[in-house]
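Examination of the molecular architecture
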Amino acid sequence: MTPRNPLIIGAGPAGLTAGLELVSRGVMPRIYEASAHVGGLARTPSDGAWRVDPGGHRFFTRHEEIMDLWKSLLPHDEWIVVPRRSAMLVDRHFVPYPLKGRDLLMQLGFGTGLRGASNFMWSRFRRGLRAIDRPQTFRQWGIEEFGRHWYQMFFDGYVRKTWLADPDHLSSDWANQRIKPIDWRRPSRGHPADQDVFRYPRCGPGQLWDAAAAALTNSGVPLSLNSRIEAIRHDGQNWTIQLQDGNTASGDALFSSMPLQLLVHMLEPTPPKHIRAIAATLRHRAVITVAVALKKHYDIPFNWVYTPGPEFRVGRIQNYGNWSEALAPEGFTGTHLGFEYFTLPHDDLWVAGDEGLGSIVESDLQALGFDNSELEHVMIVRSQHAYPIYDPGRERNVVRIRDFLRLNHPTLHPIGRNGMHRYDNQDHAMLSALHSVARYFGENADPWQVNTDLGYHESGILRS
Ligand SMILES: Cc1cc2nc3c(=O)[nH]c(=O)nc-3n(C[C@H](O)[C@H](O)[C@H](O)COP(=O)(O)OP(=O)(O)OC[C@H]3O[C@@H](n4cnc5c(N)ncnc54)[C@H](O)[C@@H]3O)c2cc1C
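Residues numbered from 1 in each chain as written. Predicted model: local features only at pLDDT ≥ 70, side-chain atom pairs only at ≥ 80, totals over all residues. Heavy atoms only, no water.

**Points about the sheet that holds strand S18 (residues 335–343)**
Ordered by their spatial adjacency, seven strands build an open sheet running S7-S6-S16-S17-S18-S15-S19, and the pairing between neighbours is mixed. In this open sheet, the two edge strands, each paired with only one partner strand, are strand S7 (93–97) and strand S19 (375–388). Adjacent strand axes in the sheet meet at a mean angle of 25°, parallel and antiparallel pairs treated alike. Note: strand S15 (residues 284–294) against S19, ten bridges, orientation antiparallel. Across the sheet, threonine 289 pairs through a bridge with valine 381, a residue of S19. (Pairing = 2+ DSSP bridges. Helix = DSSP H or I, 4+ residues; strand = E, 2+ residues; numbered from the N terminus. Axes fitted to C-alpha atoms, helices over the stretch in contact; angles between N-to-C directions.)

**Re empty space enclosed by the protein**
Applying the stated rule across the entire model yields one cavity of 30 Å³ or more. If you add up the space inside the largest cavity, you get close to 70 Å³. If you go around the largest cavity, the residues you meet are Phe94, Ile300, Val305, Ile317, Asn319, Leu337, Leu368 and Phe370. Classifying every residue of the lining of the largest cavity by side-chain character gives seven nonpolar, one polar and no charged. (1 Å grid on protein atoms, 1.4 Å probe; cavity = no way out; pocket = protein on both sides within 12 Å on 5 of 7 lines; lining within 4 Å. Points joined across faces, edges and corners; volume = space filled by probe spheres on them. Nonpolar A, V, L, I, M, F, W, Y, C, P; charged D, E, K, R; others polar.)

**So, the sheet that holds strand S12 (residues 248–251)**
As summarised here, the arrangement of the four strands in space is S12-S11-S10-S14, forming an open sheet in which the pairing is mixed. Each of the sheet's edge strands pairs with one partner strand only, and the pair in question is S12 and strand S14 (267–268). Two elements, strand S10 (residues 229–234) and strand S11 (residues 239–243), share five bridges in a ladder whose sense is antiparallel. When the bridges of S11 are listed, arginine 233 appears paired with threonine 240.

**Some words on the packing of aromatic side chains**
Tallied over the full model, the rule gives 29 aromatic pairs. An aromatic cluster is defined as three or more aromatic residues linked by ring pairs; in this entry it consists of Tyr97, Tyr158, Phe198, Tyr200, Trp304, Tyr306 and Trp323. Of note, arginine 4 hangs over the ring of tyrosine 440, and the distance from its end group to the ring centre comes to 4.5 Å. Here the guanidinium or amino end of arginine 394 rests over the ring plane of tyrosine 390, the centre of that ring lying 3.8 Å away. (Phe/Tyr/Trp six-rings, centres within 6.5 Å; stacked < 30°, edge-to-face > 60°. Lys NZ or Arg CZ within 6 Å of the ring centre and 35° of its normal.)

**Looking at the domain arrangement of the chain**
Under the domain assignment used here, the chain contains domain 1 (7–40 + 206–282 + 391–449), domain 2 (99–178) and domain 3 (284–388). On a C-alpha basis, the centres of domain 2 and domain 3 stand 27 Å from each other. Counting each side, the surface lost to burial between domain 2 and domain 3 is near 840 Å², with a carbon and sulfur contribution of 60%. Three residues stand out in domain 2 for area buried against domain 3, namely Tyr158, Lys161 and Leu164, and they jointly supply 65% of the buried area on that side. Between domain 2 and domain 3 we count zero salt bridges in total. Here domain 2 is connected to domain 3 by five residue pairs in polar contact (both at pLDDT 80 or more). Its residues placed into classes, the side of domain 2 that touches domain 3 shows five nonpolar, two polar and one charged. (Domains from an automatic or database assignment. Buried area = accessible area lost by both parts, 1.4 Å probe. Salt bridge = Lys/Arg side-chain N within 4 Å of Asp/Glu carboxyl O. Polar contact = N/O pair within 3.5 Å; in protein donor to acceptor, adjacent residues only side chain to side chain.)

**Considering the site of the ligand**
Within the structure, the ligand sits among 34 residues, and Ala14, Glu33, His57, Arg58 and Asp424 are positioned closest to it. Contact with the protein chains removes 93% of the 990 Å² of surface that the ligand exposes when unbound. Broken down by secondary-structure element, the contributors of at least two residues to the shell around the ligand are helix H1 (13–24), S19, helix H13 (416–419) and helix H14 (426–440). Class assignment for the residues of the shell around the ligand results in 14 nonpolar, 13 polar and seven charged. Here the shell around the ligand gathers at least three residues from each of two domains, domain 1 (7–40 + 206–282 + 391–449) and domain 3 (284–388). (Near = heavy atom within 4 Å. Areas by Shrake-Rupley, 256 points an atom, 1.4 Å probe, with all protein chains shown as cover.)

**Some remarks on the packing of helix H2 (residues 64–73) against H14**
Each packed pair of helices is defined by two parameters, the angle between the axes and the distance between the axes. Between H2 and H14, the shortest axis-to-axis distance is 10 Å and the interhelical angle comes to 100°. Classified by the angle their axes make, H2 and H14 are roughly perpendicular. From H2, Glu65, Ile66, Leu69 and Trp70 reach across to H14, where they touch Asp427, Met430, Leu431 and Leu434. (Parallel < 35°, antiparallel > 145°, perpendicular 65-115°, else oblique. Contact = heavy atoms within 4.5 Å.)

**Considerations on the nonpolar core**
The biggest cluster of nonpolar side chains holds 85 residues, and the ones touching the most others in it are Leu16, Phe138, Phe154 and Phe155. With residues near it in sequence (within four places) discarded, phenylalanine 138 still touches Tyr151, Phe155, Val159, Pro167, Leu170, Ser171, Ser172, Trp174, Ala175 and Ile179. Judged by nonpolar contacts, the second largest core, of 27 residues, contains Leu7, Met258, Leu282 and Phe404. (Core = buried A, V, L, I, M, F, W, Y, C linked by side-chain atoms within 4.5 Å. Buried < 20%, exposed > 50% of the residue type's maximum accessible area, 1.4 Å probe, protein only.)

Next comes the structure, spelled out in structure tokens:
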């Protein structure tokens, strides 16, 4: 029998989870990470006692096995429970999000409320009249779900700014999972377990992934940082990966969380031309998070503020003080914000350099009415492969690559968000890793079935 000596590309949530699962099944993998840190997109960059969460990573899941894994990695008192309080900043009003019927009708003035409500009822009436097909584009979906007026007010500009695409050119796939419908219920004082809350590692998401990496190295798993994989060969039996420095490593299976198009591009023997051409169409959006600490305290009762309007370049703002106090030095009494700028690799923002970004942030601070003369600390974090782009061809293209790899390379396991080119949160990236490891052991598991449920995903189980 061939010895089990699998290789893992990437030490983000998917790669580390694959590592933990392999170890728990008695197999010792080797992990190679291109960057100098673990955690991937869910890392927590720091500068002294300042910490930045580059996503704003809410921890929620419907999957017990993921919750158990999270709990096993960090002690109980390192987890905090944070109420989810998001808002959309529209016409200088913070409109709480997910949208509530009551706020839509009252907060923005009677005329606006009435117009929104009549548009909304019209779209519902049309939906009810005919057995319509699933909307194909984001714009169709948005108008059908919210009515033209509220769609335009809250989502059209936001999607243009964050997805950098015309809503007519975006598929509606992810919208059902990510955007909650309007809540028309009367506000109630329900049971705390029904509240919209999420879990959070006290020192940011990377705290969890640092703990996972520590557990792996304590078990003897070699985890190499600064080890970018640049070539991948299969000789019919084993995989050999080549690192940036020319070193190589071989194993019986390969778990890859690197972007799927780069994986196909690196593969030897070279995949057929049409597969390479399909892979080349898979694209990503990048995000630049600029964490700004202001000496002055501004009372913003939300942890997340969306800024759809054209008066801001920023797409979304994190209010880190409402995530965890441990993201700022002890005793900090000012305002710690994370400005998220969505961009494409190589566009003006991505190549702007720190100075160029500085002036953009300054004008956003001014547009928000903040005094930017009293900056205490600034940190810039760039995440290049932040969002797999969902254009209308994505689903079909990914399936064709999947089928090609399955047929020709059954011991190659693409895992995680970019590894499978899917809009996965941490829990789904982790699940795809668990299912891939099960498959490696010959079990009938299918990682590609993870995160295919089209219903709303943004909630999960909360247990103490
Ligand atoms: C703005 C934003 C907000 C988010 N909010 C949430 C949230 O609220 N809740 C939530 O659960 N999730 C959230 N996510 C998603 C979460 O970050 C991802 O689901 C998770 O990080 C995916 O893990 P992964 O291991 O699949 O990929 P990644 O985190 O991308 O890790 C992949 C790793 O592979 C490495 N790698 C790539 N190429 C190579 C190579 N050639 N050689 C070696 N290593 C390589 C990378 O450096 C990286 O470390 C958010 C993401 C973003 C961008």
